[in-house]
Amino acid sequence: MAIDITFLGHSGFLLSDGTHSLVIDPFLTGNPLATISPQQLSCDYLALTHGHADHIGDTVDIAGRSGATVIAAFEICNWLGEQGLQKLEPGNHGGTIVTAFGSVAFTKAYHSSSYEGRYMGMPAGLVVQMGGHTFYHAGDTDIFGDMALIGEIYRPDVVALPVGDRFTMGPEQASRACDMLGAELAIPIHYRTFDLLRQDAVGFNPAKAAVLQLNPGDTHRLD
Ligand code: NI
Ligand code: MN
């Protein structure tokens, strides 16, 4: 069992176990660092952390063309339904959606969530079980003490944490967050994309986890 983790840039990922694939937060159009176009992506599932434009991104296009099932907050799913998507799996904090590859659980995130002025529900982190691995995507968030509880409950072995500062944790807080989560591998996200964000992950030095810096388009296989 293995998963291939492809970084799409910003907070976006494509995860694949060889049979099923999951896209998370595909912000490609308008992302100056993206190396993959929406037309190059297809998946059978797509999950969103929250409703901000740099996370919803190309969801309607990719999910519509691929026929993917979208997993997102109830309010985001309502909006996606209005855009014409039909395969929707709404959820909220604490809930787990069972999928063909495993599952996706919603955890809390300390942030906001709206799209063009419309309330998009609570922002979330996502815990993905796929290919014998547990991948925690923190979404956009500050550090919070319950990350230790997320670590205890879900035992993620790989985590993706925002380090870009200003709208989320910076690298020092993200290091402490990673220590609370207890993962072996940590991928810094949500930096470099815009001038307002930190332009590197300097200072992201978790005590135990190895740091895996991926450039947009890079794939890392976890056996
Ligand atoms: Ni956001
Ligand atoms: Mn964001």
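No experiment lies behind these values; they were computed from the predicted model shown. Throughout this description, residue numbers start from 1 for each chain and increase along the sequence as written. Note on labels: chains are lettered from A, ligands numbered from 1, in written order. Note on the predicted model: pLDDT of at least 70 is required for a residue's local features to be given, and 80 or more for side-chain atom pairs to be given and counted; whole-chain, interface and lining totals, by contrast, use all residues. Neither water nor hydrogens contribute to the side-chain values; these are computed over all heavy atoms in the structure.

(A) Structural view of the overall build of the chain. Each helix corresponds to a stretch of at least 4 residues labelled H or I by DSSP, and each strand to a stretch of at least 2 residues labelled E; elements are numbered beginning at the N terminus. A count of helices and strands for the chain gives five helices and 16 strands. Here the C-alpha radius of gyration of the chain, 16 Å, is about what a compact globule of 223 residues would show, namely 17 Å. With respect to the three principal axes, the spread of C-alpha positions in the chain is 45 × 40 × 30 Å. Whether a residue is buried, partly exposed or exposed follows from its accessible area with a 1.4 Å probe, protein chains only, as a fraction of its type maximum: under 20%, in between, or over 50%, in that order. A burial count over the chain gives 56% of its 223 residues as buried. As defined in this context, the radius of gyration uses C-alpha atoms, and a globule is described by 2.2 Å times the residue total to the power 0.38.

(B) Fine view of empty space enclosed by the protein. Using protein atoms alone on a 1 Å grid, points that fit a 1.4 Å probe yet trap it form a cavity, whereas open point sets bounded by protein on both sides within 12 Å along at least five of seven lines form a pocket; residues with an atom within 4 Å of a point count as lining. Grid points are joined across faces, edges and corners, and a volume is the space filled by probe spheres set on the points. Inspection of the entire model under this criterion finds one cavity of 30 Å³ or more. The computed volume of the largest cavity comes to approximately 50 Å³. Lining the largest cavity, in full, are Phe7, His10, Leu33, Tyr191, Arg192, Thr193, Leu214 and Pro216. Along the lines of polarity and charge, the residues of the lining of the largest cavity split into five nonpolar, two polar and one charged. Three classes are used: nonpolar for Ala, Val, Leu, Ile, Met, Phe, Trp, Tyr, Cys and Pro, charged for Asp, Glu, Lys and Arg, and polar for all others, with Gly counted as polar.

(C) Fine view of the state of the cysteines. Working definition: a disulfide is two cysteine sulfur atoms within 2.5 Å of each other. If you walk through the whole model with that rule in mind, you get zero disulfides. We note that Cys43 lacks a disulfide partner, and the nearest cysteine sulfur, in Cys77, lies 14 Å from it. Residue Cys43 is classed as buried on the basis of its relative accessible area of 6%.

(D) Region of the structure containing the sheet that holds strand S6 (residues 88–91). Being paired, for any two strands, means DSSP has found at least two bridges between them. With mixed pairing, seven strands are arranged side by side in an open sheet as S6-S5-S4-S3-S2-S1-S16. On the outer flanks of this sheet lie S6 and strand S16 (219–222), each paired with one strand and no other. Put simply, the sheet's adjacent strands are angled 20° from each other on average, direction ignored. Pairing analysis gives three bridges linking strand S3 (residues 21–24) to strand S4 (residues 45–47), with the strands arranged parallel. If you follow Ile24 over to S4, its bridge partner there is Ala47. Contact criterion: two residues are considered in contact whenever any of their non-hydrogen atoms come within 4.5 Å of each other. The axes used here are C-alpha line fits, helices contributing only the stretch in contact, and every angle between their N-to-C directions lies in the interval 0 to 180 degrees. Where helix H3 (residues 74–82) meets the sheet, its contacts fall on strand S5 (69–73) and S6, and the angle it forms with S5 comes to roughly 135°.

(E) How the structure looks around the side chain of Thr193. Its location among the elements puts Thr193 in the loop between strand S14 (185–189) and strand S15 (210–211). Definition of a polar contact: a pair of N or O atoms within 3.5 Å, with one able to donate and the other able to accept a hydrogen when the atoms are protein atoms, and with sequence-neighbouring residues admitted only if both atoms are side-chain atoms. A polar atom in the side chain of Thr193 sits 2.7 Å from the side chain of His10. Beyond its immediate sequence surroundings of up to four residues, Thr193 is in contact with His10, Phe27, Asn31, Pro32 and Leu33.

(F) Expanded view of the coordination of the nickel ion (ligand 1). Protein-derived coordination of the nickel ion (ligand 1) comes from His50 (NE2), His52 (ND1), His111 (NE2) and Asp140 (OD), at a distance range of 2.2 to 2.3 Å. Only nitrogen, oxygen and sulfur atoms within 2.8 Å of the metal, or 3.2 Å for Na, K and Ca, are treated as donors, and water is left out, so sites may look incomplete. Sequence positions of the donors to the nickel ion (ligand 1) reduce to the motif H-x1-H-x58-H-x28-D.

(G) Quick look at unusual backbone geometry. Phi at Asp25 is positive, roughly 45°, even though this residue is not glycine. Locating Asp25 in the fold gives a position in the loop between S3 and S4.

(H) Representation of the coordination of the manganese ion (ligand 2) in the model. Protein coordination at the manganese ion (ligand 2): the donors are Asp54 (OD), His55 (NE2), Asp140 (OD) and His190 (NE2), at 2.1 to 2.3 Å from the metal. In terms of primary sequence, the donors binding the manganese ion (ligand 2) are separated according to D-H-x84-D-x49-H. Distance-wise, the nickel ion (ligand 1) is placed 3.2 Å from the manganese ion (ligand 2), both being coordinated by Asp140. Placement of the pair is Asp54 in helix H1 (residues 53–56) and Asp140 in the loop between strand S12 (133–137) and helix H4 (147–154), with a sequence separation of 86 residues. In this structure, Asp54 and Asp140 share a single accessibility class: buried.

(I) The pattern of salt bridges, seen in detail. The term salt bridge refers to a side-chain nitrogen of Lys or Arg lying within 4 Å of a carboxyl oxygen of Asp or Glu. Enumeration over the complete set of coordinates arrives at six salt bridges. The residue Glu172 makes a salt bridge to Arg198 at a minimum N-O spacing of 3.7 Å. You can see Glu172 sitting in helix H5 (residues 171–181) and its partner Arg198 sitting in the loop between S14 and S15, a full 26 residues away along the chain. Its relative accessible area of 43% is what places Glu172 among the partly exposed residues. Residues joined by salt bridges that share partners form a network here, namely Asp165, Glu172 and Arg198.

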